[in-house]
Amino acid sequence: MRVGVFGAGYVGLVTGTCFAEMGNDVVIGDVDEQRIAALGRGRIPIYEPGLEEILQRNLEMGRLRFTVDSRDVVSSAEILFVAVGTPAGEDGSADLTHVLAVAREIARHADGPRIVVNKSTVPVGTGRKVREVLAESSPHAFQVVSNPEFLKEGSAVEDFMKPDRVVVGSDGDSAREIMRRLYAPFIRTGNPICFMDVESAEMTKYAANAMLATRITFMNEIANLCERVGANVDEVRIGIGSDRRIGPAFLFPGAGFGGSCFPKDVRALERLADEVGYEFPIMRAVHAVNEAQKRVLGEKVRTRFGDDLTGRRFAVWGVAFKARTDDIREAPALVVVDDLLSAGAEVAVFDPEAMDNARRVLGDRVVYAGSAHEALTGADALVVVTEWNEFRFPDFERIRKELKSPVVFDGRNLYDPRTMSELGFEYFSIGRPSWRAGAARSGPTVAAGLAGEQG
Ligand SMILES: NC(=O)c1ccc[n+]([C@@H]2O[C@H](COP(=O)([O-])OP(=O)(O)OC[C@H]3O[C@@H](n4cnc5c(N)ncnc54)[C@H](O)[C@@H]3O)[C@@H](O)[C@H]2O)c1
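Residues numbered from 1 in each chain as written. Predicted model: local features only at pLDDT ≥ 70, side-chain atom pairs only at ≥ 80, totals over all residues. Heavy atoms only, no water.

**Q** I keep staring at the overall build of the chain and nothing clicks. Help me out?
**A** Along its length, the chain carries 19 helices and 14 strands. Its C-alpha atoms put the chain at 75 × 45 × 40 Å along the principal axes. Across the 455 residues that make up the chain, the buried fraction comes to 57%. The long-range share in the chain, meaning contacts at least 24 apart out of those at least 6 apart in sequence, stands at 70%. (Helix = DSSP H or I, 4+ residues; strand = E, 2+ residues; numbered from the N terminus. Buried < 20%, exposed > 50% of the residue type's maximum accessible area, 1.4 Å probe, protein only. Contact = heavy atoms within 4.5 Å.)

Written out as structure tokens, the structure reads:
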């Protein structure tokens, strides 16, 4: 099939490249000239494991190309995917500027009927708006389909190639059939393609992300409570996750969720509910609790070292909002860094993939270390914010020597509290009892109490 994709970001690039890999002719368009030029040379502007290799192969095979010319995209394809950004507007609602701009471009350049598939995450009713824009400005017939994307950054190619399900919202049989054919190679193992109306498909995406964000937030609250009552969230997590009604995924507490999706989608759902006069207290709570959770690490640092951190230096490991991505949008690390800087501290950051993005956002306010260990030199403590594999089994002996004091704040519960204590660290994590350095035999102490004693 001849496929056009608008947007060469995380979603558009993966979508277009994977469709090309299955033998379709794909053209991807973006307004960012630099990005398109680099892609044309086979260089991907984001970190996404496995993507560059497939992209280069399909470029070489002539099944994939890139352009800044929207006319080229529209005239080369029978089916057009919209995968542009839908960031949060000032009031939290999804900003549809880019989606509607693409609809106008399609209407302007189409020389016949097209299927327009919206892959961006958009509020219920956007399909109708897109249909109106197309009808206003073009005499041709368009079918508008909603096909929300569920890929995760860091495993985007695998998620796209083997989706748990494909959701297709459509009002027309022929569009359904084309979507069924296009996706057939991806769901050969029997995972479902769920056909529904456009509004339900749009809602499905928000419901999925809001559910996951709520689950994380719930566990963060349980973790905070565990700290105060002397329970261990790791054990609670296993205890509840083995219940088949609950399941083990997405139960890991941490320093709040970030990224380009959950925070904005929670807010957009909150706004969508507002607009139709429906109170959605859970969404408000998820949003508020998550903002507070991003401050938990900074609070732990201040409880340990005092409110005035002037003259102190901290090493922050991880800026990306999660491992295996360079995306730092709404990353908890940015809040942690801000909190430390506002209290007067110096901060040295290291991230295996997100240093360029970090530089763009943090500028000269922090020191950029060339390696995880370099960040530790002269630091009073290490603060781990992202769960990169390379942070999971570090050389603790070396860390203890490099840090001014052996103190570790772990926002991802990467290390075992008892082992850290045996290694001589003061170790603070999320929702688990803290262990005094060298006090393994006398057992854990409730963090809230311990913090005061050590402060
Ligand atoms: N990133 C994810 O993990 C993920 C997962 C599922 C769904 N989504 C949703 O997919 C959408 C895209 O997300 P993303 O992370 O890929 O965004 P992104 O910011 O990485 O990429 C968006 C791209 O669209 C381009 N663009 C903007 N206006 C354009 C126009 N008029 N014509 C052509 N290109 C244009 C931008 O230059 C940019 O390269 C969003 O709605 C997002 O919520 C994202």
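**Q** In this structure, what is going on with empty space enclosed by the protein? I would like to understand it.
**A** The probe, sized like a water molecule, is rolled over the atoms to show the empty space still left. Enumeration according to the criterion identifies two cavities of 30 Å³ or more in this entry. Here the largest cavity defines a volume of roughly 50 Å³. Around the largest cavity, the lining residues are Phe 257, Pro 263, Val 266, Arg 267, His 287, Asn 290, Glu 291 and Glu 330. Elements supplying a minimum of two residues to the lining of the largest cavity: helix 11 (262-275) and helix 12 (281-293). A per-class count over the lining of the largest cavity returns three nonpolar, two polar and three charged. What lines the second largest cavity is simply Asn 118, Ser 120, Thr 121, Val 122, Ser 146, Pro 148, Ala 201, Glu 202 and Lys 205. The element best represented in the lining of the second largest cavity is helix 9 (residues 198-229), accounting for three residues. (1 Å grid on protein atoms, 1.4 Å probe; cavity = no way out; pocket = protein on both sides within 12 Å on 5 of 7 lines; lining within 4 Å. Points joined across faces, edges and corners; volume = space filled by probe spheres on them. Nonpolar A, V, L, I, M, F, W, Y, C, P; charged D, E, K, R; others polar.)

**Q** What am I meant to see in the packing of aromatic side chains here?
**A** All told, the structure shown has 19 aromatic pairs when counted by the stated rule. Note on Phe 19 and Phe 81: the rings are 5.2 Å apart at their centroids and 45° apart in plane angle, and the pair reads as tilted. Taken together, the positions of Phe 19 in helix 1 (residues 10-21) and Phe 81 in strand 4 (residues 79-82) put the pair 62 residues apart, joining distant regions of the chain. No difference in accessibility class separates Phe 19 from Phe 81, as the two residues are buried. Taken together, the aromatic side chains of Phe 19, Phe 81, Phe 160, Tyr 183 and Phe 186 make up a single cluster linked through ring pairs. The ring centre of Phe 305 lies 4.6 Å from the NZ or CZ of Arg 304, which sits over that ring. The aromatic ring of Tyr 368 is capped on one face by Arg 359, whose charged end is 4.8 Å from the ring centroid. (Phe/Tyr/Trp six-rings, centres within 6.5 Å; stacked < 30°, edge-to-face > 60°. Lys NZ or Arg CZ within 6 Å of the ring centre and 35° of its normal.)

**Q** Got a minute to help me understand the sheet that holds strand 13 (residues 407-410) in this structure?
**A** The strands making up a sheet associate through hydrogen bonds between their backbones, and the pairing can be parallel or antiparallel. What the six strands build is an open sheet, ordered 11-10-9-12-13-14; its pairing is parallel. With partners counted over all chains shown, the strands left at the sheet margins are strand 11 (367-368) and strand 14 (426-428), one partner each. Each of strand 9 (313-317), strand 10 (346-350) and strand 12 (381-384) is contacted by helix 14 (residues 332-342), which is oriented at about 160° to strand 10, the strand it contacts most. (Pairing = 2+ DSSP bridges. Axes fitted to C-alpha atoms, helices over the stretch in contact; angles between N-to-C directions.)

**Q** Is there a simple way to think about the pairing of strand 1 (residues 2-6) in this case?
**A** Remember that side chains alternate between the two faces of the sheet whenever the strand is regular. Burial runs high along strand 1: four of the five residues are buried. Here five bridges tie strand 1 to strand 2 (residues 25-29), and the two strands are oriented parallel to one another. When the sheet's bridge partners are listed, Arg 2 is paired in strand 2 with Asp 25. Handedness of the strand 1-helix 1-strand 2 crossover: right-handed. (Right-handed = clockwise from strand over helix to strand, strands pointing away.)

**Q** Just checking my understanding: could you explain the site of the ligand for this structure?
**A** The environment of the ligand is formed by 24 residues, the closest being Val 11, Asp 30, Thr 86, Glu 153 and Lys 264. In the model, an oxygen atom of the ligand is placed 2.5 Å from a nitrogen or oxygen of the Thr 86 side chain. Measuring from a nitrogen atom of the ligand, one finds a side-chain N or O atom of Glu 153 at 2.8 Å. For the ligand, the accessible surface in isolation is 830 Å², of which the surrounding protein chains cover 88%. (Near = heavy atom within 4 Å. Polar contact = N/O pair within 3.5 Å; in protein donor to acceptor, adjacent residues only side chain to side chain. Areas by Shrake-Rupley, 256 points an atom, 1.4 Å probe, with all protein chains shown as cover.)

**Q** Explain the environment of Glu 132 here, please?
**A** The topology assignment puts Glu 132 in helix 6 (residues 126-137). Taking the C-alpha atoms as reference points, Glu 132 and Phe 160, separated by 28 residues in sequence, lie 30 Å from one another.

**Q** Just to check I follow, could you spell out the confidence of the model for the chain for this structure?
**A** If pLDDT is low for a region, its predicted coordinates should not be looked at in detail. Residues at a pLDDT of 70 or more form 95% of the chain, whose mean pLDDT is 94. Taken together, the stretch residues 440-455 has pLDDT below 50 and engages in 28 contacts with residues farther than four places along the chain or on a different chain. (pLDDT = per-residue confidence, 0-100.)

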